Every structure is written in structure tokens, then in C-alpha cells.
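Architecture at a glance
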Amino acid sequence: MTKRLHMRDRKGFTLIELLVVMVIVGLLAALVGPRLFPKLGKGKQAAAKAQIELLGQALDQMRLDIGRYPTTQEGLSALAANPGGVENWDGPYLKKALPNDSWGKPYHYQFPGTHGEYDLFSYGRDGTPGGEGEDKDVNSWD
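Residues numbered from 1 in each chain as written. Predicted model: local features only at pLDDT ≥ 70, side-chain atom pairs only at ≥ 80, totals over all residues. Heavy atoms only, no water.

On to the side chain of D119. Note on placement: D119 falls in strand β2 (residues 119–122). No salt bridge forms around the buried D119; measuring N to O, its nearest opposite-charge neighbour K49 is 11 Å away. Separated by 2.9 Å, the side chain of D119 and the backbone nitrogen of T114 make a polar contact. Discounting chain neighbours no more than four positions away, the residues touching D119 are H108, Y109, Q110, G113, T114, S140 and W141. (Helix = DSSP H or I, 4+ residues; strand = E, 2+ residues; numbered from the N terminus. Buried < 20%, exposed > 50% of the residue type's maximum accessible area, 1.4 Å probe, protein only. Lys, Arg positive; Asp, Glu negative; His and termini not counted. Salt bridge = Lys/Arg side-chain N within 4 Å of Asp/Glu carboxyl O. Polar contact = N/O pair within 3.5 Å; in protein donor to acceptor, adjacent residues only side chain to side chain. Contact = heavy atoms within 4.5 Å.)

This is the structure we're talking about:
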């Protein structure tokens, strides 16, 4: 009789205990998740806005050096490398490589701009003009 193990002597969790814990964790995730996920989209929007501000500063520095902003054809790559014999170019104007927006797409640049001296913008998560929330455009003129 001493060789038999009784159920109460065994170590570990029962299936019922594991299911109860999984239900509790699922309920907590259902309550916290909807409040957390919208903040992720706002963070990407804020990061894109900050990058546009930094790129704008680099564009302003280049304009001070060469007397003009890069053309649309030269694009933002003119901040990293001399776009072809431009006098007084004193770059690179970015400490790192030219960044993509928060969604991995390149920023759009136009000179002359329709909203200012230049237009620098991202179309947001969906990559198309307009949108709401995380799909909203991020630009240099707002």
C-alpha cells in the first residue's frame, strides 16, 4: 500500500487549474489590449512628425550652404550625397542614412512646394493620400 501514490501526493497543476488561469489571462488581455493598441498608432505618427522636423532642419542647413533647397529630382538623397557638382555643398547633412517613415516607406519631397517653400510628407500607414488615425498623412506644413 505504501507503493501507490495518491492523487493528493502528486506535484503539478490539474487541467482545470490551467484552464482557469488561461481564462483570467485572456480576460486581462481583452481589457488592456484595446486601450494599448491605439497608442501604438499615435506613437508612429509622432515619430514620423519628428523625423520630418529633423529632415526639415537638414534641408534648411543645405539651403544655407548652397543657397537653395534640393530640386524634386535631386530629392532628399541630396542630403546624404552631393547631387552632382553642387558648389558649396558641405554635407552629408544627416548623421545616418536617409530614413524611411514609420511604416517603412520613403518620405515624399517636392520643391517648390504647394504648401510652403518645400513639401515633405508621408502618406501614413496606408500609403495613400488622406485617411484617419494611423492612415492620416503626416506633413511638414501642419
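The omega torsion of the bond from G91 to P92 falls at 5°, within 30 degrees of zero and hence cis. The topology assignment puts P92 in the loop between α1 (15–66) and β1 (108–110). Positioned with a positive phi, N88 is a non-glycine residue whose angle comes to about 65°. Mapped onto the elements of the fold, N88 is located in the loop between α1 and β1.

Below, the discussion takes up the pattern of salt bridges. Pairing is possible between side chains that carry opposite charge, provided their charged atoms lie close to one another. Counting across every chain of the model gives 3 salt bridges. Note that R68 and E74 form a salt bridge whose closest N and O atoms lie 3.0 Å from each other. The class for R68 is partly exposed, based on a relative accessible area of 30%. R125 is the partner of D135 in a salt bridge, and the nearest nitrogen-oxygen pair spans 3.0 Å. In this pair, D135 is assigned in the loop between β2 and β3 (138–139) and R125 in the loop between β2 and β3, connecting sequence segments 10 residues apart. Classification of D135 by relative accessible area gives buried; the value is 18%. On the accessibility criterion, R125 (43% relative accessible area) is partly exposed.

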